Amino acid sequence: MKRALLLVNLGTPDSPNKKDVKRYLNEFLLDPDVLDIPWALRQILVRRIIVPRRAPFSSKMYQGIWTDKGSPLMFHTQDLAEEMAKLLEGEIDVDFAMRYQNPSLKNVLSRFEKKGVEEILLLPLFPQYARATSGSIISRVAELTSKWKKEPKVSVIKQFATMPEMIETFAKNGSEAHNYDHVLFSFHGLPQKNLISQDPSKRCLASPNCCENRPLSDNCYRAHCLATANAIVKKLDLDSAKYTVCFQSRLGRKEWLKPYALETMESLVKNGVKSLLVFSPSFVCDCLETLHEIEIEFKEEFIKMGGTKLDLVPSLNLDPIWVKGLANLVIKQLSPGQASLRCLSHESSH
């Protein structure tokens, strides 16, 4: 049976030019899994209000992080796919796609079909499951593969919120945490409605502690975020008063997951915090949300508030411990009897 591993990240414009940024934002925000409102209202709101206002600003943000290699999200994801292909030793075909823009899921899956792929292991590159990210990818892949002449078997790694090698890498990258007044775990935010609508028990966000003991098998994004933060905290041996979990990237006026990052930073400064170390464990590679929103915007705001130092913990990117951990995760997910590979140690080299 011919198998393929498909790594999928969120997406990035083809260039930082306003035209390409506008095209990317339209595709992203018109996804009903991202903006859960009636179709007609979503079209009007996105095409006529949000994107025309946001595209010029977003274009400048992308220009600020663009490199000679292009978008950091793009080349980090491509590098990861190439390294995974080496580690998996040709036992499984490895490729990557973006949920929005290029390389598109449609084109990559079309190549799989032409190659005669019969089984796909889908790996959305989001440690914590959310309908707006991993859920949207899963839905789109199901839609596209259902049109194949011979529909493939698709299995999914839905979340890896506490994967040991991921936690170890974040902790290693943030090993200087004890030298700062406070540590912030800033996860990407989501509208509260997105979580509440997926909880049949109707208990979602009903109390401040509702997510703390939920199993990772549940599709609760906030519970996954807390699990990730707690695992890093344990690895670093941080005192409970030393860190705060918050959420960034709020869009619009509706209630999003709280506490909000900027409000948290302001409160910390008022309580005497002068130096802040920020983890961003929603992302497996540095991108607009880390390199611009945190490293530039948050830093500027923190200084204005009265702080003196804010540093970003580098993301996982191509750290060998993280990459080999991800390869091991894939190996464990392969169908029984089909994987001839042994799990890779940190010392393995290829």
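Only a predicted model underlies this, so the values are computations on that prediction, with no experimental measurement involved.

**Some details on the sheet that holds strand S3 (residues 119-124)**
Hydrogen bonding along the main chain pairs the strands of a sheet, whether they run parallel or antiparallel. Read from one edge to the other, the open sheet built from four strands follows the order S2-S1-S3-S4, with strand pairing classed as parallel. The two strands at the open ends of the sheet, each matched to only one other strand, are strand S2 (93-100) and strand S4 (153-156). Neighbour-to-neighbour, the strand axes of this sheet turn through a mean angle of 25 degrees, independent of strand direction. Sheet analysis places S3 next to S4, joined by four bridges and oriented parallel. If you follow Glu 119 over to S4, its bridge partner there is Lys 153.

**As for the sheet that holds strand S5 (residues 182-188)**
A sheet is described by the order of its strands in space; here four strands give the open sequence S6-S5-S7-S8, paired in parallel fashion. Among the strands making up the open sheet, the edge pair consists of strand S6 (243-248) and strand S8 (309-312). On average, each strand axis in the sheet is tilted by 25 degrees relative to the strand beside it, whichever way the strands run. Lying over the sheet, helix H9 (residues 261-270) contacts S5, S6, strand S7 (275-279) and S8, oriented at roughly 145 degrees with respect to S6. Helix-sheet contacts for helix H10 (residues 288-305) involve S5, S6, S7 and S8, and the interaxial angle to S8 is about 170 degrees.

**Digging into the pairing of strand S1 (residues 3-11)**
Within S1, nine of the nine residues are buried, which leaves it mostly tucked inside the rest of the structure. Pairing between S1 and S3: six bridges, direction parallel. Among the inter-strand pairings, Ala 4 is bridged to a residue of S3, identified as Ile 120. Bridge count between S1 and S2: seven bridges; the pairing is parallel. The partner of Leu 6 across the bridge, within S2, is Asp 95.

**Examining the pairing of S6**
Looking along a regular strand, one sees side chains alternate from face to face of the sheet. With respect to burial, S6 is a largely interior element, five of its six residues being buried. By the bridge criterion, six bridges tie S5 to S6 in an arrangement that is parallel. The residue of S6 that forms the bridge with Ser 186 is Cys 246.

**A look at the packing of aromatic side chains**
Inspection of every chain in the model, using the stated rule, returns seven aromatic pairs. Consider the rings of Phe 185 and Tyr 243, whose centres lie 5.9 Å apart with planes at 85 degrees: the pair is edge-to-face. Within this pair, whereas Phe 185 is found in strand S5, its partner Tyr 243 is found in strand S6, the two being separated by 58 residues in sequence. Exposure remark for Phe 185: the relative accessible area of 0% places this residue in the buried category. When the centroid spacing of 6.3 Å and the interplanar angle of 40 degrees are considered together, the rings of Phe 187 and Phe 247 count as tilted. Remark: Phe 247 occurs in strand S6 and Phe 187 occurs in strand S5; sequence separation between them is 60 residues. Accessibility classification places Phe 187 together with Phe 247 in one group, the buried group. One aromatic cluster is present, built from ring pairs that chain together Tyr 24, Phe 28 and Tyr 100.

Thresholds applied
- Residues numbered from 1 in each chain as written.
- Predicted model: local features only at pLDDT ≥ 70, side-chain atom pairs only at ≥ 80, totals over all residues.
- Heavy atoms only, no water.
- Pairing = 2+ DSSP bridges.
- Helix = DSSP H or I, 4+ residues; strand = E, 2+ residues; numbered from the N terminus.
- Axes fitted to C-alpha atoms, helices over the stretch in contact; angles between N-to-C directions.
- Contact = heavy atoms within 4.5 Å.
- Buried < 20%, exposed > 50% of the residue type's maximum accessible area, 1.4 Å probe, protein only.
- Phe/Tyr/Trp six-rings, centres within 6.5 Å; stacked < 30°, edge-to-face > 60°.

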